Amino acid sequence: MNAHYTDAALVRAIWSSLESAGFDQAAGGRVLEPGCGAGTFIGFAPDHVDQAVGVELDPTTARVTSLLYPDAQVRAESFVDTRLPEGSWDLVIGNVPFGDVKPHDSRYNRDRFSLHNYFIHKSLHLVRPGGVVAVLTSRWTLDAANPAARETFAQLADLVTALRLPGTTHREAAGTDVVTDLLVFRRRVDGEEPLQLVPAWQDLQPLPPHLARPGIEEEEVLLNSLFTQSPHRALGHLTSRMGRFGPEVAVTPPLLRDGERLADRVATELGKSLSFDLSRYNELRPLFSPAPTRTPSPTAPTGGQRVSSPRRDSAGVPEAGLELPDRVIVAEGHLSSDGHGGWHHIRDGVPEPFAVPKTQQRELEMLLGLRDTVVCLLEAEATTPLPGELGGRPAGERAGGPGGEQVMAGLRERLNTQYEAYVARYGPINRVSTRNTGRIDAKTGEPILAQVRPKQGGFGADPHSPAVFALEHYDSATGKARKADIFTERVVAPRVIRTHADSPADAVALCLDTYGELRTAEIARLLDVDEAQAEEELEAFAFLDPDTVNHTASGWHVGWMPRAEFLSGNVRARLTRLEARIADVEATGTSTPGVDDEPARQTVLRRLNNARTALMEVVPEDLGPTEIVAQLGVPWVPTETVEQFVREVLEDRTAEVEHPGGSVWTVRGNRHSVASTNTWGTSRACAIDIVQACLEQRQIRVNDETPEGRRIPNETETFAAQEKAEALQERFATWLWEDPERCERLVRSYNDALNSIVLRTYEAPGEKYYPGMARSLRLRPHQHAAVARMVAQPSVLLAHEVGAGKTYTAITGCMELRRLGMARKPAVVVPNHMLEFSAPVKGSARSARGLSNRAPSPEGSPDGSNGDGSLAHARRPAALSIGVRLAERAGDRSSFIRGRAAKRLRRA
């Protein structure tokens, strides 16, 4: 992917031409720059631009741009993630990134366009009818052999002009040589016919020979017909050159005067050509249609204090407004009422009308009141310290505000009143009814009933509805519900930042809990000692990581690894690296004149030797030849050894064995010798074919062909060939160990490859508390161990049986991954009939903010389990999936290999 910054001279020329063509106050002042980089286009925007939004993927660049242009809104995100209302921008301008990647966007990139074409396509949807998209893009937008992107653009907009820039235009500003095009599109207003001001721009033609570079005139170079018919649209000399993959289009720069910059010269030519093309389009159709009058929505976020709309209590008295957190107001899908019978929900960051049936409006109003109250109560609990943890301030008092305990008590009382009023009128929030599906249970003969949830005015689409559904414990069998703990007691406690540890073990636990790794400076801070003493204390709980030991002019730098992690995994490989590092440290002397770092070196050596001693104690004992079952095709036997076996057993010096990789093998040799067709093979299946089948773990079959061309198994010949294969396998398992030197080499190879894994143990205190977890929830030891394993390993299978608490384990693990920064967006993926999973999420992690795609009428009773007791976790895209099994085997690896080989042999 390439994202190059644009020279300021080019930006000024583009803005000047657009202003001359009619981009003024009447045309609107809403400008979007996707891929804004340093914000050059935003910086040169006209004064009448009142709203400028830039989108930049790189967070550092986005931060710099926001500081340079504080009046603009700069979003540090991928343009794929940018959610903006369609048809709301007057102008989209910028230099789009380009590359041979296809962003995944189910809404704007269903046709799998490349990056630059995706930016243009999405921009054409975001700009309003009568607005303009002016972008610098790769020449492959117009020169691509596949015209799909150009045809899609033509369905939405007119191509006003296309100008091709010399390849070296961006060298000074971006440090790259690339041919780019300036494309200007105008999105058509409904009812307008396509205007073919630039003909044939969707097709390709070969470059005329007289324009080609001397010496390659006969080579065919395809480019957009627009430039072959109008070469003057290239702001230089249109020609060809030899590229990395053959002849390609090139644009050589025009001649420059003494001291003239190429970018300035191109900008001058660009301004002239662009102004001419824009004015010519204006003669036929206005380039910029007048901007529509925009009236702000009554529920649109306006900044400052954000207060929910007033509602009425059960007696019809208006309730006092609640100050909601900003993230609640702007959350995608947030439902709100204007107090006058109008309903809105947030879509693409702006409120839009939301249709609610009149019969459901009152219920929705009461549900939104419950939502606002519970959200404010959870926020108050999460920001109010517990009594005794206030650092000398009176209990229940928060700096700069009223007593926190009094605020929570008032909100809790309000929540009880609202809930009881709702239940008295409608029944439990999670109530369900049953309907006949029309199907009959084959076992019982009774009709199959489905559970149906009430519509509730579409409240399930609100992103904070799970917090309301978690307010009660509902029993679908009896139809009764009881209140959750939040009605009577505090369920969220703010995380208390510990500034001191009572012991080294406590300091290690706190450091791992906070950062997920050991940091010497943090251990020293918690113990109130210097780093040297902190390292002394760490020796009882961790070992030096050999991969981090480094000696520089400033001294020795080391990193630490927890004992459980260090003594697990591939311990043989770690021991090899450790011994190599010890040898390096022993050979290292004082490198800085006048500095004696010998004591530090000896300390590092001592700690490394301690680590080696501990590691050698856990290395699995070597297995001998009698404990190893060897078969043809096992990965730890090299190809050369297999070839030697075939040559000796078949008495064929010409035999060759090749193994390109995986399960692909090739065996060549004499297929007609006595050993091949009689001793170790049959007349229908020679030994060469049998050996190759054994190596590839394939089933051996011998077929006969009928006169009609059908192939049928020959049981007699197949059984005979399988007997020969079994004899070859037995001979191979004996032959491997007959030569002492080969035996020693293969035993070492087997143990290094397959007998070197030590499983890690996970232990956690039974009373461990996770930040954000409901105070009433207590996890069991096996759940703590599962959470620790999710944090420590990239993939985990939690094959717990039904009822073991996989739901709470998954929720806690996701929250820990997010808190430690190991996963940006954890996701819990469940089948459709388990979409009520979001209620337990709110019940366990009260401070979690979740997105739930709720089905309107799910069939079946959600029980929070997948039926088979399995739960799998994979941290590739940071996702947690119930019912997905990952391949991970625990226990003795050698027995696993033997069992798998035995299965394959039986199949053969």
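Please read these numbers as outputs of a predicted model, since none were measured by experiment.

Student: I keep staring at unusual backbone geometry and nothing clicks. Help me out?
Tutor: With glycine set apart, most residues show a phi of negative sign, and most peptide bonds adopt trans. Its identity is not glycine, yet glutamine 456 carries a phi of approximately 55°, on the positive side. Tracing the backbone shows glutamine 456 in the loop between strand 16 (447-452) and helix 13 (465-469). We note that aspartate 528 has phi near 60°; this positive angle belongs to a residue other than glycine. Turning to its location among the elements, aspartate 528 is positioned in the loop between helix 15 (520-527) and helix 16 (531-538).

Student: Hey, could you run me through the pattern of salt bridges in this one?
Tutor: Proximity of charged atoms lets side chains of opposite charge pair with each other. Scanning the entire structure with this criterion turns up 47 salt bridges. Arginine 171 is paired through a salt bridge with aspartate 177; the nearest N and O atoms lie 2.6 Å apart. The class for arginine 171 is partly exposed, based on a relative accessible area of 46%. A relative accessible area of 42% places aspartate 177 in the partly exposed class. Here arginine 265 makes a salt bridge to glutamate 269, at a shortest N to O gap of 3.5 Å. Here arginine 265 pairs with glutamate 269, and both are found in helix 9 (residues 262-284), just 4 residues apart, close to one helical turn. For glutamate 269, a relative accessible area of 26% corresponds to the partly exposed category.

Student: Help me understand the confidence of the model for the protein chain in this model?
Tutor: Low-pLDDT portions of the prediction should not be read for the details of their coordinates. Mean pLDDT over the protein chain works out to 81, with 83% of the residues at or above the 70 mark. Here residues 314-318 is modelled with pLDDT under 50, and outside its nearest four sequence neighbours on either side it reaches 5 contacts, counting other chains as well. Across residues 849-908, where pLDDT falls below 50, the model places 135 contacts with residues more than four positions away in sequence or in other chains.

Student: How should I be thinking about the pairing of strand 17 (residues 472-475) in this particular structure?
Tutor: In summary, the side chains of a regular strand alternate between the two faces of the sheet. With 4 bridges joining them, strand 17 and strand 18 (residues 480-483) adopt antiparallel strand pairing. Within strand 18, the residue paired with histidine 473 across the bridge is arginine 482. Following strand 17, the chain reverses through 4 residues before pairing antiparallel with strand 18; glycine 479 in that reversal takes a positive phi of roughly 75°.

Student: Can you help me understand the nonpolar core in this one?
Tutor: Side chains that are nonpolar tend, in soluble globular proteins, to be buried together. In terms of nonpolar packing, the biggest core is built from 42 residues, with Leu32, Phe185, Trp201 and Leu238 touching the most fellow members. For this core, the element with the highest residue contribution is helix 4 (residues 115-126), accounting for 6 residues. Contact partners of phenylalanine 185, with chain neighbours within four places excluded, come to Ile120, Leu124, Gly131, Val132, Val133, Phe153, Ala157, Asp158, Leu159, Val160 and Trp201. Among the nonpolar cores identified, the runner-up in size contains 41 residues, and Val646, Leu650, Trp680 and Leu695 belong to it.

Student: Quick question: what am I supposed to make of the sheet that holds strand 3 (residues 73-76) here?
Tutor: Consider a sheet: its strands pair through backbone hydrogen bonds, and that pairing is either parallel or antiparallel. Pairing is mixed across the open sheet formed by 7 strands, whose spatial order is 3-2-1-4-5-7-6. The open sheet has two edge strands, strand 3 and strand 6 (157-164), and neither has a second partner. Between one strand axis and the next, the sheet turns through 15° on average, direction left out of account. Where strand 2 (residues 51-56) meets strand 3, 4 bridges bridge the pair, whose relative direction is parallel. Bridging from a neighbouring strand, valine 55 pairs with arginine 75 of strand 3. Taken strand by strand, helix 1 (residues 8-20) contacts strand 1 (30-34), strand 4 (89-95), strand 5 (127-138) and strand 7 (180-187), and its axis lies near 155° from that of strand 4.

Student: Would you mind showing me how to read the packing of aromatic side chains here?
Tutor: The geometry of two aromatic rings is summed up by the distance between their centres and the angle between their planes. A complete count under the given rule lists 17 aromatic pairs for this structure. Each ring, one from phenylalanine 543 and one from phenylalanine 566, has its centre 5.0 Å from the other, and the planes form 40°; the classification is tilted. On the criterion of sequence distance, the pair formed by phenylalanine 543 in strand 19 (residues 542-544) and phenylalanine 566 in helix 17 (residues 563-566) is long-range, its members being 23 residues apart. Taking the relative accessible area as the measure of exposure, phenylalanine 543 reaches 6% and is therefore buried. Since its relative accessible area comes to 0%, phenylalanine 566 is described here as buried. Every member of this aromatic cluster is reached through a ring pair, and the members are Phe113, Phe153, Phe185 and Trp201. Positioned over the ring face of tryptophan 89 is arginine 30, at 4.5 Å from the centre of the ring. Lying across the ring of tryptophan 735, arginine 742 places its NZ or CZ 3.6 Å from the centre.

Student: Help me out: how do you make sense of the packing of helix 20 (residues 639-649) against helix 23 (residues 715-735) in this one?
Tutor: The relative placement of two packed helices is expressed as an angle between their axes plus a distance between the axes. Interaxial distance between helix 20 and helix 23 falls to 11 Å at its minimum, and their mutual angle equals 115°. When the axes of helix 20 and helix 23 are compared, the pair comes out roughly perpendicular. Seen from above, helix 20 lies across helix 23 with right-handed handedness. Residue-level contacts link Thr641, Gln644, Phe645, Glu648 and Val649 of helix 20 to Leu728, Arg731, Phe732 and Trp735 of helix 23. For the contact of helix 20 with helix 23, the residue count by class is 5 nonpolar, 2 polar and 2 charged.

Calculation rules
Residues numbered from 1 in each chain as written. Predicted model: local features only at pLDDT ≥ 70, side-chain atom pairs only at ≥ 80, totals over all residues. Heavy atoms only, no water. Helix = DSSP H or I, 4+ residues; strand = E, 2+ residues; numbered from the N terminus. Salt bridge = Lys/Arg side-chain N within 4 Å of Asp/Glu carboxyl O. Buried < 20%, exposed > 50% of the residue type's maximum accessible area, 1.4 Å probe, protein only. pLDDT = per-residue confidence, 0-100. Contact = heavy atoms within 4.5 Å. Pairing = 2+ DSSP bridges. Core = buried A, V, L, I, M, F, W, Y, C linked by side-chain atoms within 4.5 Å. Axes fitted to C-alpha atoms, helices over the stretch in contact; angles between N-to-C directions. Phe/Tyr/Trp six-rings, centres within 6.5 Å; stacked < 30°, edge-to-face > 60°. Lys NZ or Arg CZ within 6 Å of the ring centre and 35° of its normal. Parallel < 35°, antiparallel > 145°, perpendicular 65-115°, else oblique. Left-handed = near helix turned anticlockwise from the far one by under 90°. Nonpolar A, V, L, I, M, F, W, Y, C, P; charged D, E, K, R; others polar.

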